[in-house]
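Observations on the model geometry
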4 protein chains.
Amino acid sequence: MSLMSPEAFEESLKSLRPRVFMNGKRVEDVLAHPVTRTVVEANKASYAWAQDPRYRGIMTVESPLIGETVNRYTHVSGSIEDLVAKAKAGTFTAERLGTCIYRCVGYDAFHALASTCWEMDRDLGTEYYPRFLEFLKRVQREDLAVAGALTEPRGDRKKRALDWPDPYLSLKVVERRSDGIVVRGAKINISGAYASHELVVLPQSAKTSGEEDYALAFAVPTDAPGITYICQYSPYSAEREMADDIEELGNPLFGQRETAMVVFDDVFVPWERVFHCGEVRYSGRLVTRFAKTHRMTCGGTCKVGFMNLIIGAARLIQEYKGLEKAAHINDQLTEMVTLRETGRACGLAAAQMGREEPLGSGVFLPDELMGNVSKLNICNAFWRVMALAGDIGGGLIVTIPSLKELKNPETRAYVEEFLSFGSDEPAENILKVHKLLQHWTAGQHGVATWHGAGPVMAQKIMIQRVVDFQHEKALVKELLRLKERSEVGS
Amino acid sequence: MSLMSPEAFEESLKSLRPRVFMNGKRVEDVLAHPVTRTVVEANKASYAWAQDPRYRGIMTVESPLIGETVNRYTHVSGSIEDLVAKAKAGTFTAERLGTCIYRCVGYDAFHALASTCWEMDRDLGTEYYPRFLEFLKRVQREDLAVAGALTEPRGDRKKRALDWPDPYLSLKVVERRSDGIVVRGAKINISGAYASHELVVLPQSAKTSGEEDYALAFAVPTDAPGITYICQYSPYSAEREMADDIEELGNPLFGQRETAMVVFDDVFVPWERVFHCGEVRYSGRLVTRFAKTHRMTCGGTCKVGFMNLIIGAARLIQEYKGLEKAAHINDQLTEMVTLRETGRACGLAAAQMGREEPLGSGVFLPDELMGNVSKLNICNAFWRVMALAGDIGGGLIVTIPSLKELKNPETRAYVEEFLSFGSDEPAENILKVHKLLQHWTAGQHGVATWHGAGPVMAQKIMIQRVVDFQHEKALVKELLRLKERSEVGS
Amino acid sequence: MSLMSPEAFEESLKSLRPRVFMNGKRVEDVLAHPVTRTVVEANKASYAWAQDPRYRGIMTVESPLIGETVNRYTHVSGSIEDLVAKAKAGTFTAERLGTCIYRCVGYDAFHALASTCWEMDRDLGTEYYPRFLEFLKRVQREDLAVAGALTEPRGDRKKRALDWPDPYLSLKVVERRSDGIVVRGAKINISGAYASHELVVLPQSAKTSGEEDYALAFAVPTDAPGITYICQYSPYSAEREMADDIEELGNPLFGQRETAMVVFDDVFVPWERVFHCGEVRYSGRLVTRFAKTHRMTCGGTCKVGFMNLIIGAARLIQEYKGLEKAAHINDQLTEMVTLRETGRACGLAAAQMGREEPLGSGVFLPDELMGNVSKLNICNAFWRVMALAGDIGGGLIVTIPSLKELKNPETRAYVEEFLSFGSDEPAENILKVHKLLQHWTAGQHGVATWHGAGPVMAQKIMIQRVVDFQHEKALVKELLRLKERSEVGS
Amino acid sequence: MSLMSPEAFEESLKSLRPRVFMNGKRVEDVLAHPVTRTVVEANKASYAWAQDPRYRGIMTVESPLIGETVNRYTHVSGSIEDLVAKAKAGTFTAERLGTCIYRCVGYDAFHALASTCWEMDRDLGTEYYPRFLEFLKRVQREDLAVAGALTEPRGDRKKRALDWPDPYLSLKVVERRSDGIVVRGAKINISGAYASHELVVLPQSAKTSGEEDYALAFAVPTDAPGITYICQYSPYSAEREMADDIEELGNPLFGQRETAMVVFDDVFVPWERVFHCGEVRYSGRLVTRFAKTHRMTCGGTCKVGFMNLIIGAARLIQEYKGLEKAAHINDQLTEMVTLRETGRACGLAAAQMGREEPLGSGVFLPDELMGNVSKLNICNAFWRVMALAGDIGGGLIVTIPSLKELKNPETRAYVEEFLSFGSDEPAENILKVHKLLQHWTAGQHGVATWHGAGPVMAQKIMIQRVVDFQHEKALVKELLRLKERSEVGS
């Protein structure tokens, strides 16, 4: 069985030396820094669940590739059942972590690569697919945590990459050598890579002729020479750094989603780790196959889990205040449940309507239309759920004092008296639940929901590409018995 | 094979003599009257499809009950696959008819009856289930069209039925005889019963002790003595009566949805047709089992088909005007497609998450939460799709002149010149597509979508009953490690 | 005092002979035909109110032009107070008629013409303004009902008018004579012109060089030779034609909005009635000035009145059913009231923020941004109010039988028993209120609200033209003390 | 002229010694602590503007009370013009500060007190009004900053205050002495009081017989003995404490909104500062008069200003990326502008429709319906504007690194290259604009918009109280000529 223990995972990270900066300073130890530590904890949980008899069914799968039990996040779906199981795992991890399982982007990238490498080899006679399989086998055998990267800084959006004065605003090959390639540029908004073993890189978008140097996919160790991580620094980062005890925080162990800009300053990638290089016609397929897979995940699975936490917290506050019978709050909870179930339905439908793509590849991908619909819906739904939770939670979810006041003899009694709503619930619990809702309703999740897996317009464009209206028009013509020009006369 | 031909169906209706009134006059012949004819046509189509090799897979199924191929609309689902097939048939019939397949309510009522009769017999030792099966076998063997009825006039909603001065505002047993029961009252908003063979009646709502006379389910021939149909009469009815040619109308053959108030003026029902009589604890189950089944249908399947017609017509008008590249219209079509696919996803998920209920009964029903979510979503979605179609279609979809102008020598040339947008499309087609959108955006469908399968609040109440928030609260407690009172100290 | 009595108005129409077709037949007498009669009644009401002591303050104003009391619908606003009074009159007429006051478009066109004729004369030395004033004085002195017309059939929207094979898809000058011009083409969606005395014509859109023959504004008598009206024919038209008694109908006296396509088949217009001819730079101003004035009206005033009727009817049904305490219905009514008041606020703000335009002209127009915002808001708000009314009203608002059943001895008792909800209210009243809601929720008003005063995109385009974001960006730069490039160093 | 200079304001705060706690520690100096400093700065700006020739017209007014020019935020509106000027000042201050002007709640409380003290004296012969006027004159003469407080912790919401085990969960008189009263309890969510001179306290809600000890309004110096401030502590507080330079922050000088729980631990209030004590019938009026005034402000004025900042920042990012022509972004900006203008319209309409209340008091208050509608609308609108800004701004608005990276030699070049989008704009500016949008879209403002001036349900309740539907029902009855029961016959 190729499953690493959580302790072994933590140990394995110690041998990596990623170059990480946050808030203007070097992060010497990703495991020790309070902010980067949250990423370690989240990934670590995925190792623990895989060995937990209660969750093993969700988190592991038999790999036909190596004939062993592997973590689901290293497995390329080979059936509708796999896709459905993938969807369920997405909800499970999200509702336990309250943040990203950082192996997710890599997992979805594996799907795009397996499908497209197979296709390139078939069409072009390249040898990407066996290379990729070798890489994936190692990932499975060693149970590696693999992050993924697509989004790029980009220059003036009115112009093509070839017309930008700075060619490196999109990741670019700067040298082709006999043993590999050298790349320069950056990826932005990359989730949790510095606490993973490997980083899989895909192109940001479709490419056309002339853009061969931008048509790139590969894998690198996260501490490869030339790679620098410049971390996000948000109010939530500062709060975590300031905390005496993580119990003071909204999501104590796992935090908000942590990302970084990943700079590639002449990074060398040996050929056996290069999965796409110059075949511009296939760059777009890598992207759309990743997109529909990741949009199923972001839209129809992980947000369902997040909503469970938000709904649970809103319900608890309703109960603390004795408002269980308030019709307008129950109506709001009903709306939240409806939005959650709608998300779940779209995720499930995207999986159920999935198919092998390309035929013969053995790779199953979700339905393109439904995958995009999942994400497009959840964008609005998640903001609405946040907003409703903000109304139910009350002003205190942003005006709550620090939990430290419970240790301050001058204020403790006041806080206990006035912030318990006369209920029997310990003030500490009440403050913590408010803090959790603060985390959700006054944090990064609204914006992140728009942009994780691509902004709204990206889904709309895909939907417009997929739908050609032939079926719909034919129905109208038949119902109305519309005539051809020739039947009508002059 | 127990399948009637469409011609035989029409013939079979001739032997029925339902007492029908419309617009203050008796409808002597349901087959001949232009309005009631639309119901005949819609039901007839269901017979034709069942014999059409292209659609047989959708419209028929092997009945384990009689061991023959039967029309799907007479079959109680016995598996998840049956539920999924049911969902797909709902979309298929709707997008072909542009109105109700009037066998739908009966079909859904069969599910509620099979499940609950089985359960009553198990719990109470009654003998409803075999009775119901005998009835259903006849329906299958003779391939009968069966309508369904639930909604009642009701009196003052602040009071219980027992406190209304007029006890018949809900359908009531007025006499229990050795050979059967006599019922009095009315059902309202009943779709297409007068062009069906049989009418299955369920209670409108849950009952409690004292309301035994209202706890009623049974089947009657549609022309049973004492039954009177008082039909709706809308502007669309008038327009159809006035038309020289059905081609002038928005949905030429199948029309808008036709309903009637069904009055039961001391109607006798023999015991072998009575499936529920006085067992008040089970009335609510009949209703909620019907509701979730019908809400899956109304929410997640038939509206998907209707939306296809609306989208197709909007797209055609966009093309007639040369507006294919207009970004704002494509954005609106994308929104319509997204709403449609969301509906489809919820319908599919309700089927996929369905289960045998009660265990051992062999009856499969959709998931209760998802069935209700399907309908709640579509209520708003359908109005939005109508509205968007109204914006794309343009003012002409309500200001269009009669198709008769194309036969009027004084106006024909004007209409052809000015209402073809300079396109090559025959003016007749353009007028017809506008007329179809008028039918959808300026007709009864918005209101009908609210109320078919119950108003919005009915779904909300069911959702509130199903969700108890235990899972959600437990997640929060675990993530925040909330303490018990005893752990905190005083 | 220049006010015609309602009887005199009706009499005055008898001398006109407009060429009108409906449903493939000539309408010989606009006053007698049941459908066109509704337009006569609606306009007639505006004459009655002007003489009614209760409403005189709303419907009349002192004309500085002729020094007499005139109907407000013939008066060009000369102050903020006039604009506010105009807004209030819009709501008053709408809530009394439940349909258009058909003098409204002409009224708004007067504003655009007064402003732009004055400006053309100032800039170009033309003599349109005195001509227009002479025309307007006659309108005021004779208290004429004046309709307005802008929208045109148009050809392929991807192309300019000059590139259409049929040049008459937009109204065009075909001959310039010493005594006037001859025009050919058509206007579509024109409200109520055939029961007015005069028709004022504006261009549909801005024009550019080369399009001089399309840059046209003028007035014609409604029965000028060459003009043909081809009326809309909707289900509501048919229902009215079929009715034995107008009491059976949703809006008995005034009906739904009646429009026609107005064909100009070589219509001669003498120069003294031509107000714009070839000055392409000013066509757009006529349109945008009309648009903001009409959008204030359609958005912020008349829909407020319509909503009052819808809210009143929904409330009555709530009361008939004994549902006054139902929280979810009260919540829906609150939403409807909120949408109504928001509409009212935008209309009032558009008036209050209005200004003289151009300076010196004496013509006051509403604020351009707020005028467009009024309409854009109401588009969505009105659909929402319709939808909510549909939910409150219940399925019966579309499935209600004809009022004729109350005169049918075979069904009368049933209808009275079962459609009164056990209330003390006469069944006739209950049916009528349902019929009124049918008129609103299942009729032409949704689509009409999109398109009256222009579709959604038209408002968006205007808003995008008006807002340049300079103020907003300056605020950000100041708050953040953003630096100039030069201050930052390299 | 009674206007303090900003420097004098700051100096005046030094003589106050409020007892303030934040994050478990005493705040020794409100002027020095980085978080409380933001409140000082925001209030200070209101003194600066009043002396700035550019803004004097907005920020000052002639006081009829003392016959001198005073800061508008100390003046009770005595006319419609005053209300309109009040609305405009609300927008002005908000768009300059990007947070609360903390004198706002006190300003609105003055309106409620002036109106209700006058009324109590008239009705009950009390002497509150002269007392209040004396207090207000001092406020005007000394140009004091006055905060306001209403919201209370409250116990079990199912029960009345009298039934709570802890009677102090609502602020309560514990002793009535000859020289004044002693109060105990707390107010929560109180904005910026510790950097004001005075705190005006109103009841949280209407009171009934038996609740005399809770029917309370008064003024106290902010450092009165027994008062303790327990400040909110959010991620934004931590970030500000951690910052080396306020330029790193989203709203450098003025911050997010700062609130505190204000504990009254046996605070003595002399009678000349008590404005309401035991007259339970009038408590509700104080609340509703405050509410409509404050809801006009929160709904229709200050959020308009906030939206200007959000729109400005979103537009700048659009420009930095070269996306000025992207139709979908322009559509989103149009939606934001529409929401902003709708807010503005409601605020203006609430002012324009305002009236003297009670008649004879000389106090002008906004229209109750429109005041509540303003706030109800903006609740949803503000979340939507935040969400849209989040979509336009892009993922970087939450994943942006610290501005400190621009001073870090190891990362500076990377940040400058990759986070400038190839534009000519200094990276520092780009980071700052992202940081401002982070402040708005990922901060406390969503929740605060729900709850400032009361949650959604509070507005709905007021609307339901104000609207009785008599007008709407009468319109329907007239249009349909509904009959009385007696006219119909049996």
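Residues numbered from 1 in each chain as written. Chains lettered and ligands numbered in written order. Predicted model: local features only at pLDDT ≥ 70, side-chain atom pairs only at ≥ 80, totals over all residues. Heavy atoms only, no water.

**Concerning the relation of the copies chain B and chain A**
For clarity, the cut-off: Superposition of the copies was done by least squares, using only C-alpha atoms of residues whose pLDDT is at least 70 in both. We call two residues contacting when some pair of their heavy atoms lies within 4.5 Å.
Superposing chain B onto chain A takes a rotation of 180° combined with a translation of 0.0 Å along the rotation axis, leaving an RMSD of 0.0 Å. Taken together, the rotation angle and the small translation identify this as a two-fold axis. In terms of C-alpha distance to the rotation axis, chain B has Ala345 of chain B as its closest residue, with the C-alpha 2.7 Å off the axis. The residues that chain B uses at the interface reappear at the interface of chain A in 100% of cases, marking a shared surface.

**Some thoughts on the relation of the copies chain A and chain D**
There are two copies of the chain, and a rotation about an axis plus a shift along that axis relates them. The transform that puts chain A on chain D rotates by 180° and translates by 0.0 Å along the axis, for an RMSD of 0.0 Å. Interface overlap between copies is the fraction of interface residues in one copy that are interface residues in the other; for chain A against chain D it reaches 100%, indicating a shared surface.

**As for the nonpolar core**
Using the following cut-off: Grouping buried Ala, Val, Leu, Ile, Met, Phe, Trp, Tyr and Cys residues that are joined through side-chain atoms within 4.5 Å yields what is termed a nonpolar core. Residue burial is assigned from relative accessible area. The probe radius is 1.4 Å, only protein chains are included, and a residue is buried under 20% of its type maximum, exposed over 50%, and partly exposed in between.
Counting residues in each nonpolar core, the largest one holds 700 residues, and the members touching the most others are Phe264 of chain A, Phe264 of chain B, Phe264 of chain C together with Phe264 of chain D. Ignoring any residue separated from it by four or fewer positions in sequence, one finds Phe264 of chain B in contact with Leu171, Val183, Arg184, Gly185, Ala186, Lys187, Leu199, Val201, Phe218, Val220, Gly226 and Ile227 of chain B.

**A word on the environment of Phe254 of chain B**
To be explicit about the condition: Helix and strand definitions here come from DSSP, where helices need a minimum of 4 consecutive H or I residues and strands a minimum of 2 consecutive E residues; each element is numbered from the N-terminal end.
Within the secondary structure layout, Phe254 of chain B lies in the loop between helix H7 (235–242) and strand S11 (259–270). Residues Phe254 of chain B and Ala42 of chain B lie 212 residues apart in sequence; the distance between their C-alpha atoms is 5.7 Å. Those residues in contact with Phe254 of chain B that sit more than four places away from it in its chain are Leu479 of chain A together with Thr38, Glu41, Ala42, Ala45, Arg96, Leu97 and Thr99 of chain B.

**What about the sheet that holds strand S5 (residues 146–149) of chain A?**
Residues and elements named next belong to chain A. Spelled out, the test is: Note on pairing: two strands pair once DSSP finds at least 2 bridges between them. Simply put, an axis is a line fit to the C-alpha atoms, just over the touching stretch for a helix, and the angle between two N-to-C directions goes from 0 to 180 degrees.
Strand order in the open sheet made by the four strands is S5-S8-S9-S12, with mixed pairing throughout. Strand pairing shows two members of the sheet lacking a second neighbour, S5 and strand S12 (274–277), which therefore form its edges. Strand after strand, the sheet turns through a mean of 20° between neighbouring axes, direction not considered. When strand S8 (residues 198–201) meets strand S9 (residues 216–221), the two strands line up antiparallel, connected through four bridges. By the bridge assignment, Glu198 is partnered in S9 with Pro221.

**Brief notes about the interface of chain A and chain D**
Where we set the bar: When two parts are put together, the accessible area they lose, computed with a 1.4 Å probe and summed over both, is reported as buried area. Just to be clear on terms, a salt bridge is a Lys or Arg side-chain nitrogen sitting within 4 Å of an Asp or Glu carboxyl oxygen. Nitrogen and oxygen atoms within 3.5 Å of one another constitute a polar contact, given that in protein one can donate a hydrogen and the other can accept it, and given that sequence-neighbouring residues count only through two side-chain atoms. Residue polarity follows a fixed list, in which Ala, Val, Leu, Ile, Met, Phe, Trp, Tyr, Cys and Pro are nonpolar, Asp, Glu, Lys and Arg are charged, and the others, Gly among them, are polar.
In this assembly, 81 residues from chain A lie in contact with 81 residues from chain D. Carbon and sulfur atoms supply 63% of the area that chain A and chain D bury against each other, a total of about 6,700 Å² over both sides. Considering only the surface of chain A that becomes buried against chain D, Pro235, Tyr414 and Phe418 of chain A emerge as the three largest contributors, covering 10% of it. The closest approach of N and O atoms between Glu324 of chain D and Lys158 of chain A, which form a salt bridge, is 3.3 Å. Inspection of the chain A/chain D interface yields 34 residue pairs in polar contact (both at pLDDT 80 or more). With eight residues, helix H10 (residues 368–393) of chain A is the largest single contributor of residues to the side of chain A that touches chain D. For the side of chain A that touches chain D, the residue count by class is 37 nonpolar, 25 polar and 19 charged.

**Comments concerning the state of the cysteines**
Applied cut-off: The rule for a disulfide is simple: a pair of cysteine sulfur atoms within 2.5 Å.
Applying the stated criterion across every chain yields a total of zero disulfides over all chains. The closest cysteine sulfur to the non-disulfide-bonded Cys346 of chain A is located on Cys346 of chain B, 5.9 Å from its own sulfur. Left without a disulfide partner, Cys100 of chain D is nearest to the cysteine sulfur of Cys302 of chain D, which lies 6.5 Å away.

**Focus on the packing of aromatic side chains**
Note the threshold: Stacked, tilted and edge-to-face are the three classes assigned to paired rings of Phe, Tyr and Trp, where Trp is represented by its six-membered ring and a pair needs centres within 6.5 Å; plane angles under 30 degrees give stacked, over 60 edge-to-face, the rest tilted.
All chains considered together, the criterion is met by 51 aromatic pairs over all chains. Relative to Phe132 of chain A, the ring of Phe110 of chain A lies with its centre 6.3 Å away and its plane at 55°, an arrangement referred to as tilted. Within this pair, whereas Phe110 of chain A is found in helix H5 (residues 104–124), its partner Phe132 of chain A is found in helix H6 (residues 128–142), the two being separated by 22 residues in sequence. Taking relative accessible area as the criterion, Phe110 of chain A reaches 1% and is therefore assigned buried. Here Tyr73 of chain C and Tyr107 of chain C contribute two aromatic rings whose centre-to-centre distance is 4.6 Å and whose plane-to-plane angle is 55°, an arrangement assigned as tilted.

**Considerations on the pairing of strand S7 (residues 180–191) of chain D**
All names here are of chain D. Of all twelve residues making up S7, ten are buried, and the element is well covered by its neighbours. Both strand S6 (residues 172–177) and S7 contribute to a ladder of five bridges, which runs antiparallel. The partner of Val173 across the bridge, within S7, is Val183. Taken together, S6 and the strand that follows it, S7, pair antiparallel across an intervening segment of two residues. Pairing geometry for S7 and strand S11 (residues 259–270), over ten bridges, is antiparallel. Of the residues in S11, the one forming a bridge with Gly180 is Pro270.

**Thoughts on the pairing of strand S1 (residues 19–22) of chain A**
Residue and element names in this part refer to chain A. Bridge count between S1 and strand S10 (residues 227–231): three bridges; the pairing is parallel. Within S10, the position partnered with Phe21 by the bridge is Ile230. As paired strands, S1 and strand S2 (residues 25–27) are joined by three bridges and run antiparallel to one another. By the bridge assignment, Phe21 is partnered in S2 with Arg26.

**Structural notes on the sheet that holds strand S8 (residues 198–201) of chain C**
Residue and element names in this part refer to chain C. Here four strands make up an open sheet; going across it, the order is S5-S8-S9-S12 and the pairing mixed. The open sheet has two edge strands with one neighbour each: strand S5 (146–149) and strand S12 (274–277). For this sheet the average axis-to-axis angle between neighbouring strands, irrespective of direction, equals 20°. Of the strands in this sheet, S5, S8, strand S9 (216–221) and S12 are in contact with helix H6 (residues 128–142), which crosses S12 at around 145°.

**So, helix H4 (residues 80–97) of chain B**
Here is the rule: Expected span of a helix, by definition, is 1.5 Å for each gap between consecutive residues, and there is one gap fewer than residues.
Compared with an ideal rise of 1.5 Å per residue, which puts 18 residues at 26 Å, H4 of chain B spans 26 Å between its outermost C-alpha atoms and is within 8% of the ideal. Gly98 of chain B sits one or two positions beyond H4 of chain B and adopts a positive phi of about 65°.

**Things to note about unusual backbone geometry**
With omega at -10°, the peptide bond leading from Glu357 of chain A into Pro358 of chain A counts as cis. You can see Pro358 of chain A is positioned in the loop between strand S13 (355–356) and strand S14 (364–365). Backbone geometry at Asn23 of chain A places phi at a positive 55°, although glycine is not the residue there. Among the structural elements, Asn23 of chain A can be located in the loop between S1 and S2. According to the relative accessible area criterion, Asn23 of chain A is buried, its value standing at 3%. A positive phi angle, close to 65°, is found at Arg154 of chain D, a residue other than glycine. By the secondary structure assignment, Arg154 of chain D is in the loop between strand S5 (146–149) and S6.

**What to know about the interface of chain B and chain A**
In this complex, chain B contributes 69 residues to the contact, which on the side of chain A involves 69 residues. With both sides pooled, the region where chain B packs onto chain A buries about 5,900 Å², and carbon together with sulfur makes up 65% of that total. The largest per-residue losses of area from chain B upon contact with chain A belong to Phe469, Leu479 and Leu480 of chain B, which jointly make up 11% of the total buried on that side. Put simply, chain B and chain A have twelve salt bridges between them. Run the count over chain B and chain A and you get 21 residue pairs in polar contact (both at pLDDT 80 or more). Every element with two or more residues in the side of chain B that touches chain A is listed here: H4, helix H8 (280–320), helix H9 (327–352), helix H10 (368–393), helix H13 (427–441), helix H15 (456–466), helix H16 (470–480) and helix H17 (485–488) of chain B.

**Considering helix H2 (residues 34–51) of chain C**
Taking 1.5 Å as the rise per residue, H2 of chain C with 18 residues should run 26 Å; its terminal C-alpha atoms sit 26 Å apart, in good agreement. Across the 18 residues of H2 of chain C, 15 count as buried, placing the element largely inside the fold.

**Side note on the environment of Glu198 of chain B**
Residue and element names in this part refer to chain B. Within the secondary structure, Glu198 is located in strand S8 (residues 198–201). For the pair formed by Glu198 and Gly148, sequence separation is 50 residues and the distance between their alpha carbons is 8.5 Å. Ignoring anything within four residues of it in the chain, the contact list for Glu198 reads Phe135, Arg138, Leu144, Ala145, Val146, Ala147, Ala219, Val220, Pro221, Thr222 and Arg273. In this structure the side chain of Glu198 is engaged in a polar contact, spanning 2.7 Å, whose partner is the side chain of Arg273.

**Topic: the side chain of Arg315 of chain C**
Here Arg315 of chain C is to be found in helix H8 (residues 280–320). Setting aside anything within four residues of it in sequence, one finds Arg315 of chain C in contact with Asn330 and Leu333 of chain C together with Phe469 and Lys473 of chain D.

**A few points about the arrangement of the chains**
The smallest C-alpha distance separating chain A from chain C is 8 Å, and no contact links them. Across all C-alpha pairs, the smallest distance from chain B to chain D is 8 Å, and the two are not in contact.

**Here we look at the packing of helix H5 (residues 104–124) of chain C against H6 of chain C**
Residues and elements named next belong to chain C. Just so we agree on the cut-off: In these notes the angle categories are as follows: under 35 degrees is roughly parallel, over 145 is roughly antiparallel, 65 to 115 is roughly perpendicular, and the rest is oblique.
Between H5 and H6, the shortest axis-to-axis distance is 7 Å and the interhelical angle comes to 150°. Relative to H6, the element H5 lies roughly antiparallel. Across the interface between the two elements, Phe110, Leu113, Ala114, Cys117, Trp118, Met120 and Asp121 of H5 pack against Tyr128, Tyr129, Pro130, Phe132, Phe135, Leu136 and Val139 of H6. When grouped by side-chain class, the residues that make up the contact of H5 with H6 number 13 nonpolar, no polar and one charged.

**Quick look at the environment of Glu368 of chain A**
Residue and element names in this part refer to chain A. Inspection of the secondary structure puts Glu368 in helix H10. As for Glu368 and Ile311, which are separated by 57 residues in sequence, their C-alpha atoms are 29 Å apart. The contact partners of Glu368, leaving out residues within four places of it in the chain, are Thr288, Lys292, Met462 and Val466. Separated by 3.2 Å, the side chains of Glu368 and Lys292 make a polar contact.

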